[in-house]
Every structure is written in structure tokens, then in C-alpha cells.
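# Structural overview for review
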Amino acid sequence: MIETGEILQTMRMIQEENFDIRTITLGINLLDCSDSDANRCAQRVYDKICKKAENLVRTGQEIETEFGIPIVNKRISITPVSLICQEDPMPIARALDRAAESVGVNYLGGYSALMHKGATLADERILASIPEVLCETRLLCSSVNVASTRSGINMNAVREMGEIIKKTAEMTAEQDGLGCAKLVVFANAVEDNPFMAGAFCGVGEPECAINVGVSGPGVVKVALESVRGQPFDIIAETIKRTAFRITRVGQLVAREASQRMNIPFGIVDLSLAPTPARGDSVAHILTEMGLEMAGAPGTTAALALLNDAVKKGGVMASNHVGGLSGAFIPVSEDIGMIEAAAAGALSIEKLEAMTCVCSVGLDMIAIPGDTSASAISGIIADEAAIGVVNNKTTAVRIIPAFGKKAGDRVEFGGLLGYAPVMPVNTKGNEAFIARGGRIPAPLHSLRN
Amino acid sequence: MTKALISVTGLDTTGIIASVATKLSEMNINILDITQTILDGYFTMMMVVDLDGAKMDFEEIDKRLQPVRESLKMTIHMQRMDIFDAMHRI
């Protein structure tokens, strides 16, 4: 029998410490929708999504009501559009947005291209259309994989993405560059990620799958309050126990959703995903460990411990773990990160170091609007190098804020939050980025 | 068996347990366990119940508790027990 104290603990986690299921993401394979006629392809895509995801939102709401746990987002991830698009991608993009709207999901991810080794004609078409698509559609998210540990870094794609990010920011300048918040550049992208903006349904995935992302930085922070001043062994153990509990609920929700929709369970993503709300911050877990602010010396070590303990605790709690699995450090979506960036405690360089030890990368960072495309490409290349060499997923989601300079503020609203514009190193790198070609895959022996 | 936890919290008054239990009995919901305390006049009760006897879905049961909530002016929250089992038992 469950004891009263345990019941109260669970209730407190949900009601006071912002514990929630961040997302139920339904992965849908669209390979069978491909057609040489763009409009016919768009119609097939629309029909299939509407049919497969018909009950997604209602099922999510039922589980929310019955188990008393908020499920913040219901989302869809699809086969990268570059794999099904043989013609003009615009009709497909519009159909995807309409389908997402019609089934009532919060976002649909997979307007994507995988070009870590090189680009197909379809990849090029997708890339060229990204700024317009992200400007015109509301719910569509886009991602591009430009590097992998096995194939190296596609520097042509890196160069193009610098320009595309800039153009997307310009076209959505009135909304502070919101389009760029829906665009991620990956190295080692994963196929079963439930989190946006980088979710897509990889080719190794089944016809459909339920992937769940959990969240609860507030719960971890509160748990650590009870072990103030204790050594790191105790900190790690406390985080592991908390992550275990959080993930067990994620597994329960995933199993229920899978049974009710009669769709196989894919993975639980062991993540700590913050929101801009107070008490829901990953940065504040780091400050609870004894740092004045995120970015203070010791931050990378604190984050490494946190990330590792979350995985160790979570992995025991779920049948299948996957996705990005780790602590997220988006700047605009985390009140502690926003405060640290505004106070000058965090720089892009420090964030880059932090991404070496956690999931996922340079995330939701606003940069001055006059930052050159080649500087953005340089940031992408640096981040991709970290991922490729260390055999991990890294990503860049940065937002050039048009007409704004370092210290100004951008507002995205909702879960995307707000952020101070952070300065970028202005030394030139045009000749470096202009080279193009491919940085070869790293050697994976002789490791030192 | 579909077990649920019903928590009832609010200012103490007469007949709280009676009202909730009567409503549950009307819906043929069996009470498996009750704990109850009063702290500084603040009433807290937790009931573990078996929903299988009720011939209606979760949402309907919750809806029918609404008049009890209103007449007692208490917070009544119902959720499936599975979430507590998942979190606290291996």
C-alpha cells in the first residue's frame, strides 16, 4: 500500500514543483506518401497524418485527467520531407501545417533534410524553401542534419545554413525572428527525438510510434534543497532517485498512450526540459549546487554531473530510452539562463563548453541582427565539431534579432520565452566558411 | 481493478466523509482505504477506491463529484493510483 507521505510527495511534485510530461510525440512514417506530383503527395500526407493522429490530442487529454499529470504538448514527428518530396515542397509544407492544425497538435516536426555527407536535389529544394516555409506556416518545425561522426561535417551545408538562418530571421523579423526558433541544425541527429524543433521520424523507425519526453527541473532543484552542503556523491544519488521517479511516470504515460491508441511504444526521452516559469529551471539546479549563477567557474562540471545522474536514474525506469536524453540548456526558455545571460555571466563560448557535457547544443540564443551569415556558419561548424568528435548529438538553434544589438531583448512568448541578445565574436571567418567541402570523419581509435 | 485516489482538502465542516461516501456509493464505487487528519482546522482526507463497479468512464465519475465539491466547498481531486505505484514502487 502506498503511504500518505508518498502520495503527498507526488502531488507536491506536480502542483508545486512543475513536474509534467513535456510531450507525447507521435512519430509517423510518410515514405508511402511520396509522389512525383507535388499536390498529390501533399494530399496523401494530409490524409495519412489526419488518420493516424486522429485520437492523439484526445488521448493525451484523457491521460492528463485520469492520472492528474499535465501533458504540456501533443506533437507529431514525420519522415524528413526531403525523403518524400520529389517536386516543389511548398504544397507539402502547407498540407503539413493544415494537418497539424486539424488534429490539434502543438507542433509538427520533420520539415527536414539529412545531408551530413552530401545533398540530394530534394535536400537542396527543402533548404531553399525553409525561410519561406517557416514564415508562412505556424506549426511546422524544421531541422537539418549537417554532420555525423561517421561521415564528418558537410561544410557546404554548414555554409548554406548560415545564410538560411539569416534569411529566416529577416523574413520573421516582426516577430523577433520567431522562424529561427523553429529551425535546428544538427550533428548526429537522432531518429526518435520527441522534442521540438528537432523532432523527425527517422527511416529506421516503425510505421508509427509513441515517444514521450518528460520534464521536471523544478523537482530536481527541490530535492537538492534537502542536501545542501553535502558532498557530490550525495548530490548525484539524490538526482538519480528523482530522475527515476520522473521517468517512471513518463513510462506509465507512454504505455497508456500506446495501449489506448494501439500504436507501439517507442522511447522515453530522459530529459530535463525547462520553461521560462520560475521553479522550472535547469540553471537553478546548478545554482542550488553552489554556483552564484549559471556560467560561474564550475558550471560545466555541475552540468556534467547533472546530465549523467539524470541518465543513470532514468535508464532503470523505462523499457526503452532514446531521443536526446539529457538536460537541456536553452537560454530563452529557462529563467535562470536568462538571468545569467542578462548579467553577463554566460557567453556563447561558455555555452559551447556546456554543450560538450549535456544535451543538446546552443539552444534558443538570440544574437545581434547584423551577425554575418559566415559567423553563424562558424558557430554551427564549431558545435558540429563537438558532436562529431565526441560521438554525441549537438545542435544549433540561434536567432539573429534584426535591428537589435547585444544587450537588447527579444520576446517569443509562451514556452519559447524571452532572451537578452548575446554578443558574438566579430573577428572574420569568411575565407574559412567559403572553402566548402567536407571535414573528414574523425578517427575513433587512439583516443586521447 | 482500476484503483483511484480521491483526495479531499479544505476547511473542516460536518458531514464531509458522509457526503463523499454517499456519492461514491450511489455510483457503486467501493472504498478500499481511508486516511484522514485535521491540521489547524484544515481537513485532509485520502480515499483509495475501486472504480470498476461504476458503469461509467472516469470523466463522468469526476463530473458527478462536482455537486459534492460545490456543496462542501472543498477541493476534491481524483487520479488513478498507477501514478503513485509507478513513482514509489519498483
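Residues numbered from 1 in each chain as written. Chains lettered and ligands numbered in written order. Predicted model: local features only at pLDDT ≥ 70, side-chain atom pairs only at ≥ 80, totals over all residues.

## Things to note about the sheet that holds strand S2 (residues 30-39) of chain B
Residue and element names in this part refer to chain B.
- With antiparallel pairing, the four strands of this open sheet are ordered in space as S2-S3-S1-S4. The open sheet has two edge strands, S2 and strand S4 (75-80), and neither has a second partner. With strand direction ignored, the average angle separating the axes of adjacent strands in the sheet is 15 degrees.
- As paired elements, S2 and strand S3 (residues 42-50) share nine bridges and run antiparallel to each other. Across the sheet, residue isoleucine 31 finds its bridge partner in S3, namely valine 49. (Pairing = 2+ DSSP bridges. Helix = DSSP H or I, 4+ residues; strand = E, 2+ residues; numbered from the N terminus. Axes fitted to C-alpha atoms, helices over the stretch in contact; angles between N-to-C directions.)

## Section: the packing of helix H5 (residues 121-136) of chain A against helix H6 (residues 155-171) of chain A
Residues and elements named next belong to chain A.
- Viewed as axis vectors pointing N to C, H5 and H6 meet at an angle of 20 degrees, and their least axial separation amounts to 9 Å. Of the possible angle classes, the one that applies to H5 and H6 is roughly parallel. In the crossing of H5 with H6, the sense of the turn from one axis to the other is right-handed. Side by side, H5 and H6 meet where Leu127, Ile130, Pro131, Leu134 and Cys135 of the first sit next to Glu160, Ile164, Lys167, Thr168 and Met171 of the second.
- For the contact of H5 with H6, a count of residues per class yields seven nonpolar, one polar and two charged. (Parallel < 35°, antiparallel > 145°, perpendicular 65-115°, else oblique. Left-handed = near helix turned anticlockwise from the far one by under 90°. Contact = placed C-beta atoms within 7 Å. Nonpolar A, V, L, I, M, F, W, Y, C, P; charged D, E, K, R; others polar.)

## Observations regarding the interface of chain A and chain B
- If you look at the interface, chain A gives 15 residues, while chain B gives 16 residues.
- Residues that form the side of chain A that touches chain B fall into these classes: seven nonpolar, four polar and four charged.

## Quick notes on the pairing of S3(B)
- By the bridge criterion, nine bridges tie strand S1 (residues 3-11) of chain B to S3(B) in an arrangement that is antiparallel. If you follow B:Leu5 over to S3(B), its bridge partner there is B:Val48.

## A word on unusual backbone geometry
All names here are of chain A.
- Look at the link from methionine 196 to alanine 197: it is a cis peptide, with omega at 10 degrees.
- Assignment of secondary structure puts alanine 197 in the loop between strand S6 (183-187) and strand S7 (208-215).
- For the bond running from serine 359 to valine 360, omega is 5 degrees, close enough to zero to count as cis.
- Relative to the helices and strands, valine 360 resides in the loop between helix H13 (348-355) and strand S10 (361-368).
- Phi at aspartate 176 is positive, roughly 60 degrees, even though this residue is not glycine.
- You can see aspartate 176 is positioned in the loop between H6 and helix H7 (178-181).
- Note on aspartate 176: 28 C-beta atoms within 10 Å, which makes it buried.
- Positive phi outside glycine occurs at methionine 364, with the angle close to 50 degrees.
- Position of methionine 364 relative to the elements: it lies in strand S10.
- The class of methionine 364 is buried, set by 25 C-beta atoms lying within 10 Å. (Buried ≥ 20, exposed ≤ 12 C-beta atoms within 10 Å, placed from the backbone.)

## Some points on the domain arrangement of chain A
Residues and elements named next belong to chain A.
- We note that the domain assignment places domain 1 (22-187) and domain 2 (212-435) within chain A.
- Elements supplying a minimum of two residues to the side of domain 1 that touches domain 2: strand S1 (20-28), helix H3 (56-67), strand S4 (140-148), strand S5 (152-154), H6, H7 and S6.
- The leading source of residues in the side of domain 1 that touches domain 2 is H6, at 10 residues.
- Within the side of domain 1 that touches domain 2, the residues separate by chemical class into 23 nonpolar, 11 polar and six charged. (Domains from an automatic or database assignment.)

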